[in-house]
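A closer look at the structure
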Amino acid sequence: MEPAAKQKVIFVTYLIAALDVTWLFLQFSITPYLAKRLGFDTIWFGYLQTTVGVIQLLGGPIYGRFADVFGARTALSVSCLASVVYFLLLTVADSTFMLFVHKLPAVFMHGLPGAQMVVADLSENDKRADALGKLGLCFGIGMIAGSTLGGTLSTRFGEKFAASFAAIGSFVSLLLVLNFIPKQTKIHTLPESDKKGSSKSVFNLGEITRLMKFPGVAKTFTVKIMSGLPSGIFQVMFSIIAMNFFQLKAEQNGYLMAYFGIVQMVIQGAVIGRLTSRFTEYSLLLLSVGISSVVGLAQAMMTNVFQFCLIVIPMMFSLSVFNVITDSMLTKSVSPSDTGTMLGLCASVQSLLRTVGPTIGGFLYETYGVPSFGYIQCVINAAVFSVLLATGGRSHRT
C-alpha cells in the first residue's frame, strides 16, 4: 500500500473510532435514566455495569485473535454490526430482563481496539505511539459529542429515539468500514495454508496466552494492570464521587466530563507526538507512572471540585501517556501477525477494571472514604516506579 493510501485509511479509521465513541457516550445518557425508570437501585445498576465488564473481558482477547486471523475489515464490520443490534435492543428494552439482554452484543463491540489494530498495522514503528495517541484525540471528540448529543436527544425526543439514532449511526460506521478499510492491513500476512490452520484457533486460549512468552511482554502487561488498577477504580466510582463528594448536579457533571474530553484531546493530539519523538518509550513509561503516584497523593488531599479540576491536567496526562506507551510497547514486542490479539488483551485490562472496580471501589468508598483512592494510587504507583527504575529498560528502548 502506498503511503498516501495508508494515510487515507488511517484518517477514515480515526473517523470510525470517533463515531464509535460518540455512540458509546450517547448510550451513557440513556441507560442510567432508563434503568431508574425500570426500578433499578444502585446495587442492580452495579450488576448491570459488571455484566458489561465481564462480557467484554471475555470477548476482548477473542476479538483480537479474530481480527488477526480474518482481517481488519471483517473484525470492524462485526463490531459495528453488533453495535447496531445493541442499540436496536435498547430501543425495545422495557423490562429488567431486556435491559440485561441488550448488553449481550457487547461481547463483539470492540471498535476502538479494532481501530488501534488498523493504525498499528499501517504506521511505522517509530511513529506508532504518536499514531495511537491520535486515537485518544478521537476519544475526546466522541466523549464530548456523545454526551452532548445523548442528553439533547433524550430530553427532547425520548430515550428510544436517542437509541434509534445511535443504531443508525452505527450502521453508517459499518458502511464506512466496508467501503474504506482494506480486507487485510497487515504488511506480513500468513501463507494460505497457515491461515487455514490459524482460523481454527480463534478460540484457542493457548494462541492468546503464548504472547506472554515474548520478551518484555509479561513485564509490561503486569505494569499495565498494577499501575492502571487504582486509577481505573477511581474512574469507575467517579459518578458517585461527583454526586456525593463534590455535590454536583447532572448538568455540572456534564460540563466536567466535557472538560475531561478537552484536556485529553489537547494531550493526545498535541503533546504525546512531540514527547515520543524526543524520548524513549521506557522513559515516558517511568514519567507517567511517577506522575500518577503524585496525582494519587493530590487526590487524597483534595477537598473541592476546583482542586480536582487542577489535578485533572496531570491526571489525564499520566493516563494518556501510560495507555498509549504501554499499547505501543506491547504491539512492538510481538510479531505483526499478532498485533490484534495483543490489543485485544490490552482492551481486556480495561474490562477487568470495570468488572472488579465497582466492588473494590464501593468497599473503599463506604469504609475509608474518597481519600483512600488517592493513597492507594500513590503507594502502588510509587512501588511500580521503583521496580521499573531498579530493573532498567534496555530491552524496551526504542
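Residues numbered from 1 in each chain as written. Predicted model: local features only at pLDDT ≥ 70, side-chain atom pairs only at ≥ 80, totals over all residues. Heavy atoms only, no water.

1. Side note on the domain arrangement of the protein
What counts, and what does not: What fixes the domain bounds is an automatic or database domain assignment. We call two residues contacting when some pair of their heavy atoms lies within 4.5 Å. Buried surface area refers to the total accessible area, computed with a probe of radius 1.4 Å, that the two partners give up upon joining, counted for both partners together.
Its domain assignment divides the protein into domain 1 (1-183) and domain 2 (205-397). One C-alpha centre belongs to domain 1, the other to domain 2, and the line joining them spans 21 Å. Contacts between the two partners involve 32 residues from domain 1, matched on the other side by 39 residues from domain 2. Across the interface of domain 1 and domain 2, roughly 2800 Å² is buried in total on both sides, 63% from carbon and sulfur atoms.

2. Notes on the packing of aromatic side chains
What characterises a pair of aromatic rings is the spacing of the ring centres plus the angle enclosed by the ring planes. In plain terms, the rule: Any Phe, Tyr or Trp ring, taking Trp's six-membered ring, that has another such ring centre within 6.5 Å forms a pair; planes under 30 degrees apart are called stacked, those over 60 apart edge-to-face, and the others tilted. Starting at the N terminus, helices and strands are each numbered in turn, a helix being any DSSP run of H or I of at least four residues and a strand any DSSP run of E of at least two. For every residue, the accessible area obtained with a 1.4 Å probe (protein chains only) is divided by the maximum for its type, and the residue is called buried under 20%, exposed over 50%, and partly exposed between those limits.
In the structure shown here, the tally under the stated rule is 14 aromatic pairs. Taking 5.7 Å as the distance between ring centres and 85° as the angle between the ring planes, the aromatic pair formed by Phe25 and Phe139 counts as edge-to-face. Placement of Phe25 in helix H1 (residues 3-28) and of Phe139 in helix H7 (residues 128-157) is noted, with a sequence separation of 114 residues between them. Taking relative accessible area as the criterion, Phe25 reaches 8% and is therefore assigned buried. On the basis of relative accessible area, Phe139 is assigned to the partly exposed category, the value being 21%. Considering the side-chain rings of Phe260 and Phe308, the 5.9 Å spacing of their centres and the 70° angle between planes classify their relative orientation as edge-to-face.

3. Considering the pattern of salt bridges
Keep this limit in mind: Basic side-chain nitrogens of Lys or Arg form a salt bridge, by our definition, when they fall within 4 Å of a carboxyl oxygen of Asp or Glu.
In total, this model carries three salt bridges according to the counting rule given. Residue Glu159 pairs with Arg37 through a salt bridge whose shortest N-O separation is 2.7 Å. Residue Glu159 is located in helix H8 (residues 159-180), and its partner Arg37 is located in helix H2 (residues 31-37); the two are separated by 122 residues in the primary sequence. For Arg37, a relative accessible area of 56% puts it in the exposed group. For Glu281, the salt bridge identified is with Lys332, shortest N-O distance 3.0 Å. In this pair, Glu281 is assigned in helix H13 (residues 281-301) and Lys332 in helix H14 (residues 305-333), connecting sequence segments 51 residues apart. By relative accessible area, Glu281 is classed as buried at 5%.

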